[in-house]
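# Chains, contacts and geometry: an overview
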Amino acid sequence: SQYSAVDTNPLSVYIMQPIWNKIIKIVPLWIAPNLLTFSGFVMILLNYFLISFYDWDYTASGTSPGLVPTWVWLFSAFTTFCAYALDSIDGKHARRTQSSTPLGELFDHGLDSWATSIFVLSFFSVCSRDNGKTGVSVYTMYIYLSIVLFNFMCSHWEKYNTGVLFLPWGYDISQVVLIAAYLLTGTVGVEVWQKPLLFGYYITDVLVILLIGFSLFLSFPQTLYNIHRAHLKKTLKNDSLYEGLLPLVSPLLLFVLLTVWVVLSPSNILAKQPRLFLWMVGVAFSNVICKVIICQMSSTRPELFHWFLFPLALVVYAAISGLLGCMEEAVLGVFTALVTAAHVHYGVCVGRQLSEHLNIYIFSLKKRVQE
């Protein structure tokens, strides 16, 4: 299917696009677009692991403000900008080099589905965990991450039904806010997040309110409106309501299972291991949504239950019934490692199958020689 995306965000159209159009001119024509996409993702990962090293349990900013060196925040601003730029020019570069392929589209959106959670998890280190005075609670973090992923899911669910990806306004705004937040933290220090901004509200409160407002009152209604419009124009991809709602089943069940674990965990797993748990949430979500993206691109029906829900249900049951006892953290660690490995393996396999099927290399513009 032909890739079509619509971007109506003024920030993107009037400010960012002209910048990307200048940057794209310096990219050599022999570089494969997927290489740009992947480099951006590697920068996000690098930044995430660097921050994790200094602030494993999200307490550094709140309890010992100097613990994360200033250069780390400035590096975060730099990597976030680079990743944002690379993610914005990879498609332009593909058109420039006449190398747009379904593989490139899947590669881009697949990595985005994972990067979305990593951006959020890195940002939590800025505002830090609740220490009684400042910071956000781990439950707020979980809800915050869920809302961001819900937004991501909506735009791909919409594309599954309409065939058009309406780029969410939140994307460009969030990237610019992230870069500004890191620069602010690097120049002023993390203390800026711990002083009330207006009427006793902290900057973090304002951001959470903005995020929820954006999602519930802008993104989600926009998605429903676009689907409704396609329905009126008779351009919907799926005739039945069942078919149209099918891709939402697995992500919603995933969210239900994870929330049950968070709420009913005997050892309060989210508070004990927020970084592991939230990472696992992001990876699991990415895997589920990648299946939806593939179905949408290949015009196939997604399965009702993603395979991943079964082992997760088992682990959640074992945890909340007390079967795991004091092993809950260890089991989360092993489970997270397995989920991450399974997701990487899945990505590599799909990439290889597509590159063979389309007779192209993933990271090179040379054509494969037919066997």
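The structure displayed is predicted, hence computed values, not measured ones.

## A closer look at empty space enclosed by the protein
- Per the counting criterion, the structure on display carries 4 cavities of 30 Å³ or more.
- Quantified by volume, the largest cavity comes out at close to 80 Å³.
- Lining the largest cavity we find Leu-246, Pro-247, Ser-250, Val-288, Lys-291, Val-292, Pro-302, Glu-303, Leu-304 and His-306.
- Contributing elements (two or more residues each) for the lining of the largest cavity: helix H9 (241–264) and helix H11 (274–298).
- For the lining of the largest cavity, the class distribution of residues is 6 nonpolar, 2 polar and 2 charged.

## Quick word on the packing of H11 against helix H13 (residues 328–357)
- In contact at an axis separation of 9 Å, H11 and H13 are set at 30 degrees when each is read in the N-to-C sense. Relative to H13, H11 is oriented roughly parallel. In the crossing of H11 with H13, the sense of the turn from one axis to the other is left-handed. Of the residues in H13, those in contact with Leu-276, Phe-277, Trp-279, Met-280, Val-283, Ala-284, Ser-286, Asn-287, Cys-290, Lys-291 and Ile-294 of H11 are Leu-332, Gly-333, Phe-335, Thr-336, Val-339, Thr-340, His-343, Tyr-346 and Val-350.
- Taken together, the residues of the contact of H11 with H13 sort by class into 13 nonpolar, 6 polar and 1 charged.

## Focus on a nonpolar patch on the surface
- Together, Leu-197, Leu-198, Phe-199, Tyr-201, Val-206, Ile-209 and Leu-210 give the surface a local cluster of nonpolar side chains, amounting to about 760 Å² of exposed area.
- Mapped onto the elements of the fold, Leu-197 is located in the loop between helix H7 (169–188) and helix H8 (203–232).

## Quick word on the layout of surface pockets
- Of the volumes computed, that of the second largest pocket is approximately 480 Å³.
- Phe-107, Leu-111, Val-344, Gly-347 and Val-348 are, among the 21 residues lining the second largest pocket, the residues nearest its centre.
- Every element with two or more residues in the lining of the second largest pocket is listed here: helix H2 (33–54), helix H5 (102–127), H11 and H13.
- Ranked by residues supplied to the lining of the second largest pocket, first place goes to H13 with 7 residues.
- Its residues assigned to classes, the lining of the second largest pocket comprises 17 nonpolar, 4 polar and no charged.

## Quick word on unusual backbone geometry
- For Tyr-58, which is not glycine, the phi dihedral falls at a positive 65 degrees.
- If you trace the backbone, Tyr-58 turns up in the loop between H2 and helix H3 (60–63).

## Overview of the packing of aromatic side chains
- Tallied over the entire structure, the rule returns 26 aromatic pairs.
- Centre to centre, the rings of Tyr-84 and Tyr-171 are 5.7 Å apart; their planes meet at 80 degrees, and the pair counts as edge-to-face. Placement of the pair is Tyr-84 in helix H4 (residues 70–96) and Tyr-171 in helix H7, with a sequence separation of 87 residues.
- The buried category is assigned to Tyr-84, whose relative accessible area is 0%.

## Quick word on the nonpolar core
- If you look at the biggest cluster of nonpolar residues, it comprises 100 residues, and the most contacted ones within it are Phe-123, Phe-124, Leu-254, Trp-261, Phe-277 and Leu-312.
- Setting aside chain neighbours within four positions, we find Phe-124 in contact with Tyr-58, Met-141, Tyr-144, Leu-145 and Leu-278.

## Re the packing of helix H1 (residues 10–23) against H7
- Close contact between H1 and H7 brings their axes to 8 Å; oriented N to C, the two are set at 50 degrees. Taken together, H1 and H7 sit at an angle that is classed as oblique. Only Trp-169, Asp-172, Ile-173 and Val-176 of H7 make contact with H1, whose side of the interface consists of Pro-10, Leu-11, Ser-12 and Met-16.
- Taken together, the residues that form the contact of H1 with H7 break down as 6 nonpolar, 1 polar and 1 charged.

## A short note on the environment of Ala-271
- Following the sequence through the fold, Ala-271 ends up in helix H10 (residues 269–272).
- We classify Ala-271 as partly exposed; its relative accessible area is 22%.
- Taking the C-alpha atoms as reference points, Ala-271 and Thr-70, separated by 201 residues in sequence, lie 27 Å from one another.
- Not counting the four nearest positions on each side in its chain, Ala-271 is found in contact with Arg-129 and Val-138.

## Here we look at the pattern of salt bridges
- Counted by the stated rule, this structure contains 3 salt bridges.
- A salt bridge links Arg-301 to Glu-243, with the nearest nitrogen and oxygen atoms 3.0 Å apart. You can see Arg-301 sitting in the loop between H11 and helix H12 (309–320) and its partner Glu-243 sitting in helix H9, a full 58 residues away along the chain.
- Residue classification places Glu-243 among the buried positions, given a relative accessible area of 18%.

Cut-off values and rules
- Residues numbered from 1 in each chain as written.
- Predicted model: local features only at pLDDT ≥ 70, side-chain atom pairs only at ≥ 80, totals over all residues.
- Heavy atoms only, no water.
- 1 Å grid on protein atoms, 1.4 Å probe; cavity = no way out; pocket = protein on both sides within 12 Å on 5 of 7 lines; lining within 4 Å.
- Points joined across faces, edges and corners; volume = space filled by probe spheres on them.
- Helix = DSSP H or I, 4+ residues; strand = E, 2+ residues; numbered from the N terminus.
- Nonpolar A, V, L, I, M, F, W, Y, C, P; charged D, E, K, R; others polar.
- Axes fitted to C-alpha atoms, helices over the stretch in contact; angles between N-to-C directions.
- Parallel < 35°, antiparallel > 145°, perpendicular 65-115°, else oblique.
- Left-handed = near helix turned anticlockwise from the far one by under 90°.
- Contact = heavy atoms within 4.5 Å.
- Patch = residues over 30% accessible without salt bridge, like charges linked within 9 Å, V, L, I, M, F, W, Y side chains within 5 Å.
- Areas by Shrake-Rupley, 256 points an atom, 1.4 Å probe, with all protein chains shown as cover.
- Salt bridge = Lys/Arg side-chain N within 4 Å of Asp/Glu carboxyl O.
- Phe/Tyr/Trp six-rings, centres within 6.5 Å; stacked < 30°, edge-to-face > 60°.
- Buried < 20%, exposed > 50% of the residue type's maximum accessible area, 1.4 Å probe, protein only.
- Core = buried A, V, L, I, M, F, W, Y, C linked by side-chain atoms within 4.5 Å.

Nothing here speaks to function; it is geometry throughout.
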